[in-house]
Amino acid sequence: MKPIKRLPDAEFEVMRVLWLHDPPMSTNQIIACLRPELTWKPQTVLTLLARLIEKGFLSSEKAGKERRYTPLVLHDDYLRAETGSFFDKVHDNSVLSLVNTLYDGKKLTPSEIADLRKWLDEKGRVE
């Protein structure tokens, strides 16, 4: 399996719609599910869909007068690749660096810290 490349934000928004709904989806369905603040014209969405097909993220099939799109890359696989790249590039693969950044930035609630502690305790027992 070839490495998964990072998607530009606009292409990610289209994939996010497909990952959140049951595929296959038509262009009109995709447009209807985009966040309201994205006021893209249909041609813009068609261009993004064509790019995603070219990159191997989507397949497309003709169904009557419309095209229907299905993800070829799973959401979890993309998140794993994207997170791994970010983790390596920004934190030099250091969990401590990542957690410290979240903690210092006040991005972790006491409940999340407790959950993290529990998770670390459970994972620490596994060999």
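Let me sum up the structure you'll find in this document. Numbering of residues begins from 1 in every chain and follows the order in which that chain's sequence is written. Since the coordinates come from a predicted model, pLDDT governs what is reported: local features require at least 70, and pairs of side-chain atoms require 80 or more to be given and counted, while whole-chain, interface and lining totals use all residues. As a rule here, side-chain values cover all heavy atoms of the structure and leave hydrogens and water aside.

1. Thoughts on the packing of helix H4 (residues 75-91) against helix H5 (residues 95-104)
Condition: Only the stretch in contact is used when fitting a helix axis, every axis being a line fitted to C-alpha atoms; angles between N-to-C directions are given from 0 to 180 degrees. A run of H or I in DSSP counts as a helix once it spans at least four residues, and a run of E counts as a strand once it spans at least two, with each numbered from the N terminus. Roughly parallel refers to an angle under 35 degrees, roughly antiparallel to one over 145, roughly perpendicular to one between 65 and 115, and oblique to any angle outside these ranges. Residues count as neighbours in contact if any of their non-hydrogen atoms are within 4.5 Å of one another. As a working rule, the residues Ala, Val, Leu, Ile, Met, Phe, Trp, Tyr, Cys and Pro are called nonpolar, Asp, Glu, Lys and Arg charged, and the rest polar, with Gly in that last group.
Across the interface, H4 lies against H5 with an axial gap of 9 Å and an inter-helix angle of 85 degrees. Classed by the angle they form, the pair H4 and H5 counts as roughly perpendicular. Seen from H4, the contacting residues are Phe-86, Phe-87 and His-91; seen from H5, they are Val-95, Ser-97, Leu-98 and Thr-101. Looking at the contact of H4 with H5 residue by residue, the classes come out as four nonpolar, three polar and no charged.

2. Thoughts on the pairing of strand E3 (residues 66-71)
To keep things clear, this is the line we draw: One requirement defines pairing of two strands: DSSP has to find at least two bridges between them.
Examined bridge by bridge, strand E1 (residues 25-26) and E3 share two bridges and lie antiparallel to one another. For Met-25, the partnering residue across the bridge sits in E3 and is Tyr-69. Judged from the six bridges that link them, strand E2 (residues 58-63) and E3 form a sheet pairing that is antiparallel. In the sheet register, Lys-62 faces E3, and the bridge partner there is Arg-67. Hairpin connection from E2 to E3: two residues lie between these consecutive antiparallel strands, with Gly-64 at a positive phi of about 70 degrees.

3. Topic: the packing of aromatic side chains
Here is the rule: Any two rings among Phe, Tyr and Trp, with Trp reduced to its six-membered ring, count as a pair given centres within 6.5 Å; such a pair is stacked if its planes are under 30 degrees apart, edge-to-face if over 60, and tilted if neither.
Going through the model one piece at a time under the given rule, you end up with four aromatic pairs. Ring centres of Phe-12 and Trp-19 lie 6.0 Å apart, and the angle between their planes is 65 degrees; this geometry places the pair in the edge-to-face category. Ring pairs connect the aromatic residues Phe-12, Trp-19, Phe-57 and Tyr-78, which therefore count as one cluster.

4. Let's talk about the sheet that holds E3
Taken together, three strands build an open sheet; the order of strands is E1-E3-E2 and the sheet is antiparallel. Lying at the two open borders of the sheet, with one neighbouring strand each, are E1 and E2. Together, E1, E2 and E3 form the strand contacts of helix H1 (residues 9-20), whose direction differs from that of E3 by roughly 85 degrees. Together, E2 and E3 form the strand contacts of helix H3 (residues 42-54), whose direction differs from that of E2 by roughly 120 degrees.

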